[in-house]
Amino acid sequence: MKYGKSSIAAITIFVSSGALIAAAGGKVDSNGDGIVTKAEADAAAQARFAKMDINGDGVLNRADGDARAKARFAKMDANGDGVLSEEEFLAVREARLEKREERKAKRKDRKAKRAEKGNKRAGKKRGGRKGRVVRLLKRADSNNDQSISRDEFIAFSDTRFAKVDSNSDGQITKEERKANRQARRNQRRNSQ
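Residues numbered from 1 in each chain as written. Predicted model: local features only at pLDDT ≥ 70, side-chain atom pairs only at ≥ 80, totals over all residues. Heavy atoms only, no water.

1. Section: the nonpolar core
- Of all hydrophobic cores here, the largest spans 11 residues; its members are Ala45, Phe49, Met52, Leu60, Leu136, Leu137, Ala140, Ile148, Phe153, Ile154 and Phe156.
- For this core, the elements supplying multiple residues, two or more each, are α2 (38-52), α5 (129-140) and α6 (150-164).
- Setting aside anything within four residues of it in sequence, one finds phenylalanine 49 in contact with Gly58, Val59, Leu60, Ile148, Ser149, Arg150 and Phe153.
- Core analysis: the second largest hydrophobic core is formed by 7 residues, Val36, Phe161, Val164 and Ile172 among them. (Core = buried A, V, L, I, M, F, W, Y, C linked by side-chain atoms within 4.5 Å. Buried < 20%, exposed > 50% of the residue type's maximum accessible area, 1.4 Å probe, protein only. Helix = DSSP H or I, 4+ residues; strand = E, 2+ residues; numbered from the N terminus. Contact = heavy atoms within 4.5 Å.)

In structure tokens, the structure reads:
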């Protein structure tokens, strides 16, 4: 099964934004008590799906990636003439480079902090995101139609929640998240 770049772009937000619960902090834990309840996870998954479903058709697919690309072009086309001039292109490029440098500096700071704490993986490069995204797409796409419906998305989110909720009490604690992260690390080490 092949997933196009736009499909991968559409689902990357899902992966990187913490919808997989394993890294559940901030946005998923809406009341900030350190515990993610099933209701919080469901609300976060619904909101995330709505944000990713650019065209509002209830399905994440190539059309959403195409709509995102059109919106990105419109944003780059500062004067709205439908043509990207050299000045517009260079302005966008310069803004991207500035953001990239900011992200690099933040990553460098995080790596230094992890190294100070004795993290063995500090400074090591992690695997690429594309392969992981494609694997997640395949798992979430239960009917193999290269689209992820709202129901498939919610079911996948529910499955991930249940996997992390080791005692099945409808809540994910910091300890359960930590244990899940460790189990995934061990699994990656064993598969290499």
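The structure having been displayed, the exposition proceeds.
2. A short note on the packing of aromatic side chains
- Enumeration according to the criterion identifies 1 aromatic pair in this entry.
- Of note, lysine 38 hangs over the ring of phenylalanine 161, and the distance from its end group to the ring centre comes to 5.7 Å. (Phe/Tyr/Trp six-rings, centres within 6.5 Å; stacked < 30°, edge-to-face > 60°. Lys NZ or Arg CZ within 6 Å of the ring centre and 35° of its normal.)

3. A closer look at the packing of α2 against α6
- At their nearest, the axes of α2 and α6 sit 10 Å apart, and the two run at 145 degrees to each other. You can see that α2 and α6 cross each other, and the crossing is right-handed. Contacts between α2 and α6 involve Lys38, Ala41, Asp42, Ala45, Gln46, Arg48, Phe49 and Met52 on the former and, on the latter, Arg150, Phe153, Ile154, Ser157, Asp158 and Phe161.
- Class assignment of the residues belonging to the contact of α2 with α6 gives a composition of 7 nonpolar, 2 polar and 5 charged. (Axes fitted to C-alpha atoms, helices over the stretch in contact; angles between N-to-C directions. Left-handed = near helix turned anticlockwise from the far one by under 90°. Nonpolar A, V, L, I, M, F, W, Y, C, P; charged D, E, K, R; others polar.)

4. Observations concerning the side chain of glutamate 176
- Position of glutamate 176 relative to the elements: it lies in helix α7 (residues 174-191).
- Although glutamate 176 lies buried, it forms no salt bridge, and the closest oppositely charged side chain, arginine 177, sits 7.3 Å away as judged by the N-O distance.
- Looking at glutamate 176, its side chain comes within polar contact range of the main-chain nitrogen of threonine 173, at 2.9 Å.
- Ignoring sequence-local partners within four residues, the contact set of glutamate 176 consists of Val164, Asp165, Ser166, Asn167 and Gln171. (Lys, Arg positive; Asp, Glu negative; His and termini not counted. Salt bridge = Lys/Arg side-chain N within 4 Å of Asp/Glu carboxyl O. Polar contact = N/O pair within 3.5 Å; in protein donor to acceptor, adjacent residues only side chain to side chain.)

5. Quick look at the pattern of salt bridges
- Enumeration over the complete set of coordinates arrives at 3 salt bridges.
- A salt bridge links aspartate 158 to lysine 38, with the nearest nitrogen and oxygen atoms 2.5 Å apart. Separated by 120 residues along the polypeptide, aspartate 158 in helix α6 and lysine 38 in helix α2 bring together distant segments of the chain.
- Overall, aspartate 158 belongs to the partly exposed group, its relative accessible area being 27%.
- With relative accessibility at 27%, the residue lysine 38 sits in the partly exposed group.
- The network of salt bridges with common partners includes Lys38, Asp42 and Asp158.

6. A look at the environment of phenylalanine 156
- Looking at where phenylalanine 156 falls in the secondary structure, it is placed in helix α6.
- Here phenylalanine 156 falls in the buried class, since its relative accessible area comes to 8%.

7. Side note on a positive patch on the surface
- Taken together, the side chains of Arg72, Lys75, Arg93, Arg96, Lys99, Arg100, Arg103, Lys106, Arg107, Arg110, Lys111 and Arg114 present a region of like positive charge at the surface.
- Structurally, lysine 111 can be placed in helix α4 (residues 86-116). (Patch = residues over 30% accessible without salt bridge, like charges linked within 9 Å, V, L, I, M, F, W, Y side chains within 5 Å. Areas by Shrake-Rupley, 256 points an atom, 1.4 Å probe, with all protein chains shown as cover. Charge placed at Lys NZ, Arg CZ, Asp CG, Glu CD.)

8. Points about α7
- Its 18 residues give α7 an end-to-end C-alpha distance of 26 Å, which sits within 8% of 26 Å, the value for a rise of 1.5 Å per residue.
- Along α7, the residues that are buried comprise Glu176, Arg177 and Asn180. One side of α7 carries all its buried residues, which in axial view fall inside an arc of 100 degrees. In α7, the exposed positions that point more than 90 degrees away from the buried face belong to Lys174, Glu175, Lys178 and Asn190.
- Elements that come into contact with the buried residues of α7 comprise β1 (36-37), α6 and β4 (171-172). (Expected span 1.5 Å × (residues − 1). Arc of directions from axis to C-beta.)

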